[in-house]
Each structure stands twice: as C-alpha cells, then as structure tokens.
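Chain by chain, the residues run as shown.
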Amino acid sequence: MLKLLLFKGSASHLVLPLRIFHHLQISKNNHNNKNHLVNEGILTFNKDHETGISFLVDHNIIKKDPEDVVRFLTENIDRLDKEQIGLAIGSNQEFYTSVLKYFANAMDFSNMEFDQALRKYLQNFKLPGEAQKISRIIEAFAGRYMSQNPTIFPDADAAFIVSFSLIMLNTDAHNPSVQTKMTLSEFIRNHRGIWAGKDPPPILLEKFYYSIITQEIKFPGSPCTDEDTLCTGWVKHVQIGTTGRKTGPRYLVMNKNQLSWYKKSTKLQDETPKAKLKLSRLIPKTDEIDDKKITISYSLGGNYLEIDLPDRNGKFAPHFTDKLFITLETTSQVEIWIQQISKNTKFNPLTPQIPRHKSILNQQNRRKSEGKVKRSVITKKKERSDVSPKILEFP
C-alpha cells in the first residue's frame, strides 16, 4: 500500500508520491483496457479465426507473426473455440502453414508413447472435415514426434501413415453406424511396406490397435450421438436465475443426461465444475428477447430448477432457481444446443415432481413453529405438574 506523508511546512513531499500514484492509476487502466481487448479478440476468434487474429493484430495485442499467434493460442487454449483452431492450423495459406509448424513444435512429446502423444495433440483442436487439412495437421504432428523420438519410426512418412491410420481406426471402432469393424489382422495388413520398404513390427501395431479399441480418442466439440456421448462447447456466459449474476465464458459439458459447466476446458477430470444440472423434466427454448440465449425452465410450470453448486470444500448442495440462461455467440449454436439438450432430457410423467422452492421454505418454517409450540406445551405441563395442589380447609 502506498502511503503519502505530509510534513509540516513542506508540501513538496507530496509531488513525487502523487505522480507515482497517478502513474499506477494509468497502468491499471491500461491493463484493464488490454484485458477487455483480449476478451473481445477471443470472442471474435471463436466466430471466425481470421477476423479474430486481424482484430488482435490491429489492437496491438499480438504481432502479425506466426510465432506470436501460436503464443496467443497456447496461452488462451482453454477459452478458444477448438473448431476455429483446427480451421486455422489446417489452412493452406502460407501464413497459417507457418502457424501450424510453430503450433506443432510448441508441443512436448519427448519419451511419450506414440498413441498417447497423438491423443494429447488432438485435444487442442477439432479436426476439420477436409482430408487435405487433416493431412497437413497430421504431417506436422508426425514430424514433431519424430524429432523428439527418433528411434520409434524409421522416418516421418511411417509416423504419418500410422497416425492417419489410428484416426481412421478410431472412427471405425467407435462409430455405431459402422457395422463391420476392422480386425487386428486387417489393421496389420494395411501397413505392409511402410517401414522403409519393409513391414512394421506386428507387436507394435498390435499395441496401437488395442489402445484405440479399448480407449476411444475423444475429439473436442464432438456432436452428441447418444446420451453417453460427451458433448462439449464454449458459451459466452451463464446466468442462474432471473436476477442472478452473469458469469464469464464457460465450458459446457453434457454427458449422461447431466449438464455441467467449467471455467476451463482442459483436465476436466481434475477440476470441480461450477454447477451441475440434471436433464430431467426440463424445457430448453430460445429466449423471447435475445435469440442468442437459451432459457431452461421446468416443464410443468411453477416449479423450480434444482442446480447443484459446490461449496468451498467441493461438496455439492442443491439450490433452487426459476430459470437458467445460457448465452452463445450465434443463433445456429443456440439451435444445436437446444436440440441436444432436448434429445438428452429424460421425461417421465410418473416420476415425482421437484417440490417448489417456496413450499419447501414454508414447510421448514411450519415445522420450526410446530416444534416451538410443542416445546412450550411440554414446558407448561411440567410447570403445572411441579406445583403442589392447594388444600382448602373449611371451618
């Protein structure tokens, strides 16, 4: 804390501290302004990566340099849209091909198993749909892995082919629409001659095969296909209750008929969610005033939503509110989330209703008042029993 001392007869002692204080105020305002521009840049990037990068460059947040762009991506990876990152690094423009190179080289794959390194790499973005973009992204990964683990593969081409093959195997094994699954022998046969003209070691391919079969590669932002599928995505902010405070950007996770939101998107298993909402007997719909907002209310009307919120120790307790508001960037995202929430919401008319919040409070107050009345009655009875009866004597 800055202390200003004024000595008697010497007002000049205030000049230097006041200048320092003024300088600190300017620095604080500049810092807040920069944070505001960074937040605006992130929101713009999540809509369109090219527009977002141009915004950040124009406001001197980053330089028009691939290395500086990658620094921004890695520092804000939890808040950036994974689909837009994939489109950026998969672009065939000269600038973005350089961004891809720096992006892959920013990863540390030293002494990692090949399949685990591939999983780590793919968690930072969503693969684009075009095969050429996927090829460029995987080629950058193979080159980076080979530079840090030169003894696993004979060359980068073999690492590239196996990478691409594992992604295809992941789709084949875990996509329910694929009826005929690839066998181990077919997987090994597909890699003949890729090992510098020879066949790769079958034991190594078998290890890769069962790693993907037993543990699916979860891609960020994957669409929901059933209630057990992980459905994720960034939203602009969340508001609990009509009069509740709006949060900052949150990362939504819908899994097994439960909607949770986090402050970050990495290491979800180690982070306590900010809130949890069971998708049961709910109605999500577009807000009447804002078409980029989702309003979630109880389906039967008049009843309150039950949202589990953590305390300081991480223990969840139920809280009741009238509505939940989720604001997104575009109306198309609103439509997608409404569709997926409705699809994964369980509704059974025979299940008991969630009691109303006011009725719960009234019931608790009534029990307290009844308890006080009972205690007072018991106390009066004891007082009466302790008093000895008066004996009336007649003359």
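These figures come from a predicted structure and were not determined experimentally.

**Here's the deal with the overall build of the protein chain**
Next, step 1: Counting secondary structure elements, the protein chain contains 12 helices and 10 strands.
Next, step 2: By the burial criterion, 37% of the 395 residues in the protein chain qualify as buried.
Next, step 3: Restricting to contacts in the protein chain with at least 6 residues of sequence separation, those with at least 24 account for 57%.
Next, step 4: In the structure as shown, the protein chain presents an accessible area of about 24,300 Å², 52% of it carried by carbon and sulfur atoms.

**Considering the sheet that holds strand E1 (residues 231-235)**
Next, step 1: Spatial ordering of the open sheet is given by E1-E3-E4-E5-E8-E9, a layout of 6 strands whose pairing is antiparallel. Looking at strand neighbours, the two that pair on one side only are E1 and strand E9 (316-321), the edges of this open sheet. Neighbour-to-neighbour, the strand axes of the sheet open up by a mean angle of 25 degrees, direction not taken into account.
Next, step 2: The pairing of strand E8 (residues 305-310) with E9 spans 6 bridges and is antiparallel. Following the sheet pairing, Asp308 is matched in E9 by Pro318.
Next, step 3: Contacting E1, strand E3 (250-254) and strand E4 (258-262), helix H11 (residues 331-344) runs over the sheet at an angle of about 35 degrees to E3.

**Quick notes on empty space enclosed by the protein**
Next, step 1: Inspection of every chain in the model, using the stated rule, returns 1 cavity of 30 Å³ or more.
Next, step 2: The computed volume of the largest cavity comes to approximately 110 Å³.
Next, step 3: Lining of the largest cavity is provided by Ile42, Leu43, Asn46, Arg79, Asp81, Trp234, Val235, Lys236, Pro249, Glu329 and Gln333.
Next, step 4: Among the secondary structure elements, those contributing two or more residues to the lining of the largest cavity are helix H1 (15-47) and E1.
Next, step 5: For the lining of the largest cavity, the element with the most residues is H1, which contributes 3 residues.
Next, step 6: In the lining of the largest cavity, the residues fall into 5 nonpolar, 2 polar and 4 charged.

**Some remarks on the pairing of E4**
Next, step 1: Of all 5 residues that make up E4, 4 are buried, and the element is covered over most of its length.
Next, step 2: Where E3 and E4 come together, 4 bridges link them in antiparallel fashion. In the sheet register, Met254 faces E4, and the bridge partner there is Leu259.
Next, step 3: Counting the residues that bridge the hairpin from E3 to E4 gives 3 residues, and of these Lys256 lies at a positive phi of roughly 55 degrees.
Next, step 4: In the sheet, E4 pairs with strand E5 (residues 275-278) via 4 bridges, with the strands oriented antiparallel. Bridge pairing in E5 places Leu259 opposite Leu277.

**Here we look at the packing of aromatic side chains**
Next, step 1: Under the definition given, this model contains 16 aromatic pairs.
Next, step 2: Seen in terms of ring centroids, Phe114 and Phe153 are 4.7 Å apart; in terms of plane orientation they differ by 65 degrees. Their pairing is edge-to-face. Residue Phe114 is found in helix H6 (residues 114-122), and its partner Phe153 is found in the loop between helix H7 (131-148) and helix H8 (156-174); the two are separated by 39 residues along the sequence.
Next, step 3: Look at Phe153 and you get buried, because its relative accessible area is 3%.

**What about the packing of H6 against helix H10 (residues 202-214)?**
Next, step 1: The geometry of H6 relative to H10 is characterised by a closest axis approach of 9 Å and an angle of 40 degrees between their N-to-C directions. One way to sum up the angle between H6 and H10 is to call them oblique. Between H6, through Phe114, Asp115, Gln116 and Arg119, and H10, the contact on the second element is made entirely by Phe208, Ser211 and Ile212.
Next, step 2: A class-by-class count of the residues in the contact of H6 with H10 yields 3 nonpolar, 2 polar and 2 charged.

**Brief notes about the packing of helix H3 (residues 66-75) against helix H5 (residues 94-105)**
Next, step 1: The interhelical angle for the contact between H3 and H5, taken along N-to-C directions, is 55 degrees, at an axis separation of 8 Å. Between H3 and H5, the interaxial angle falls into the category oblique. The handedness of the crossing between H3 and H5 comes out as right-handed. Across from Pro66, Glu67, Val69, Val70 and Leu73 in H3, the residues of H5 making contact are Phe95, Ser98, Val99, Tyr102 and Phe103.
Next, step 2: Along the lines of polarity and charge, the residues of the contact of H3 with H5 split into 8 nonpolar, 1 polar and 1 charged.

**Things to note about H3**
Next, step 1: Taken together, the buried positions of H3 are Pro66, Asp68, Val69, Val70, Phe72 and Leu73.
Next, step 2: A distance of 3.2 Å separates the backbone nitrogen of Glu67 from a side-chain oxygen at the start of H3, and that oxygen is part of Asp65.

**Let's talk about the confidence of the model for the protein chain**
Next, step 1: Confidence in the prediction for the protein chain averages 79 pLDDT; 74% of positions are at 70 or higher.
Next, step 2: Considering each helix and strand of the protein chain separately, the mean pLDDT is smallest for helix H12 (residues 357-386), with a value of 52, and largest for H5, with 96.
Next, step 3: Ignoring residues within four places in sequence, the model shows residues 1-14, a span with pLDDT below 50, making 10 contacts including any to other chains.
Next, step 4: Low pLDDT (under 50) marks residues 385-395, which in the prediction has 0 contacts with non-local residues, meaning those over four places away or in another chain.

Rules used in this analysis
- Residues numbered from 1 in each chain as written.
- Predicted model: local features only at pLDDT ≥ 70, side-chain atom pairs only at ≥ 80, totals over all residues.
- Heavy atoms only, no water.
- Helix = DSSP H or I, 4+ residues; strand = E, 2+ residues; numbered from the N terminus.
- Buried < 20%, exposed > 50% of the residue type's maximum accessible area, 1.4 Å probe, protein only.
- Contact = heavy atoms within 4.5 Å.
- Areas by Shrake-Rupley, 256 points an atom, 1.4 Å probe, with all protein chains shown as cover.
- Pairing = 2+ DSSP bridges.
- Axes fitted to C-alpha atoms, helices over the stretch in contact; angles between N-to-C directions.
- 1 Å grid on protein atoms, 1.4 Å probe; cavity = no way out; pocket = protein on both sides within 12 Å on 5 of 7 lines; lining within 4 Å.
- Points joined across faces, edges and corners; volume = space filled by probe spheres on them.
- Nonpolar A, V, L, I, M, F, W, Y, C, P; charged D, E, K, R; others polar.
- Phe/Tyr/Trp six-rings, centres within 6.5 Å; stacked < 30°, edge-to-face > 60°.
- Parallel < 35°, antiparallel > 145°, perpendicular 65-115°, else oblique.
- Left-handed = near helix turned anticlockwise from the far one by under 90°.
- Polar contact = N/O pair within 3.5 Å; in protein donor to acceptor, adjacent residues only side chain to side chain.
- pLDDT = per-residue confidence, 0-100.

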